[in-house]
Amino acid sequence: MNIILLGPPGAGKGTQARYLVETRDMIQLSTGDMLREAKDSGTEMGKKVAEVMARGDLVTDDIVIGLIREKLEGDSKGGFIFDGFPRTLAQADALEELMASTGQTLGAVIEMQVDEDALVERITGRYTCGDCGEVYHDATKRPAVEGVCDKCGGTNMKRRADDNEASLRQRLMEYYKKTSPLIGYYYAKRQLHRVDGLADIDKVRAEIEAVLD
Ligand code: AMP
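Residues numbered from 1 in each chain as written. Predicted model: local features only at pLDDT ≥ 70, side-chain atom pairs only at ≥ 80, totals over all residues. Heavy atoms only, no water.

Draft legend 1. Structural context of the nonpolar core. Counting 31 residues, the largest nonpolar core has Ile 68, Leu 72 and Phe 82 as its most contacted members. Among the elements of the structure, strand 1 (3–6), strand 2 (27–30), helix 2 (31–40), helix 3 (44–55), helix 4 (61–72), strand 3 (80–83), helix 5 (89–101) and helix 8 (181–188) are those that each provide at least two residues to this core. Broken down by element, the residue count for this core peaks at 6 residues, all from helix 4. Once residues within four sequence positions are removed from consideration, Ile 68 is found in contact with Leu 29, Thr 31, Met 34, Phe 82, Phe 85, Leu 95 and Leu 98. Grouped together as the second largest cluster of nonpolar side chains are 21 residues, Ala 108, Leu 168, Ala 199 and Val 204 included. (Core = buried A, V, L, I, M, F, W, Y, C linked by side-chain atoms within 4.5 Å. Buried < 20%, exposed > 50% of the residue type's maximum accessible area, 1.4 Å probe, protein only. Helix = DSSP H or I, 4+ residues; strand = E, 2+ residues; numbered from the N terminus. Contact = heavy atoms within 4.5 Å.)

What follows is the structure, encoded as structure tokens:
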């Protein structure tokens, strides 16, 4: 089953996607991760998007659609989890076409609902293990040993350049302006499921599993 995780930055999409990858052999397709990889490896495209991402603006549809197209041609294993894509109606249309052309279907769109105050706290406190991608938080999820990843033992903890309050405000504005119309769109297509993204991680996980099953 292929699913979209929809929600503002900090809603917990990445955390839930990682869990589904581990337990259901699904493939996480995070356009944010792909763009950060391109930026870190210094490709032309990476250089082009770096500033846009730092500001909290969306990069162009063409770029992200191209990234997703490449991935859809590969093995889908237990299904794709679209995390941070689509973010515009044009991206949603492109996804539909791409899936049809590769003989795949979209099973569900899961909207993770959260209120804005919680997001600022979640985002400004979060960091990840640079080796395995496990997500941590200063207040709510610290590793057992400070600076050492519980999952892989790595010590390369990273904070995102755009996880500051100014960029977050802009990312939220982009979300409400360009991405939130997708909620109505998928609702009309009867594909939308809503979960309470403010509940604790295991409860959110259980709600998502109920949709998948
Ligand atoms: P994320 O990791 O999903 O929060 O994405 C980080 C940043 O990458 C966003 O603020 C955008 O600048 C860019 N980005 C990621 N996914 C998309 C997308 N689907 N469309 C446009 N820009 C994106």
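Draft legend 2. Region of interest: helix 1 (residues 13–24). Over its 12 residues, helix 1 extends 16 Å from the first C-alpha to the last, a length consistent with the 16 Å expected when each residue adds 1.5 Å. Buried residues along helix 1 sit in contact with strand 1, strand 2, strand 3, strand 4 (108–113), strand 6 (135–137) and helix 9 (201–212). In the segment just after helix 1, Asp 25 is the residue with positive phi, at about 60°. (Expected span 1.5 Å × (residues − 1).)

Draft legend 3. Highlighting the layout of surface pockets. The space that makes up the second largest pocket amounts to roughly 180 Å³. In terms of lining, the second largest pocket is formed by Thr 15, Arg 18, Tyr 19, Glu 22, Glu 134, Val 135, Lys 141, Lys 151, Ile 201, Asp 202 and Arg 205. Secondary-structure elements contributing two or more residues to the lining of the second largest pocket are helix 1 and helix 9. Examining the composition of the lining of the second largest pocket, we find that 4 residues originate from one element, helix 1, more than from any other. Of the residues contributing to the lining of the second largest pocket, the split by class is 3 nonpolar, 1 polar and 7 charged. (1 Å grid on protein atoms, 1.4 Å probe; cavity = no way out; pocket = protein on both sides within 12 Å on 5 of 7 lines; lining within 4 Å. Points joined across faces, edges and corners; volume = space filled by probe spheres on them. Nonpolar A, V, L, I, M, F, W, Y, C, P; charged D, E, K, R; others polar.)

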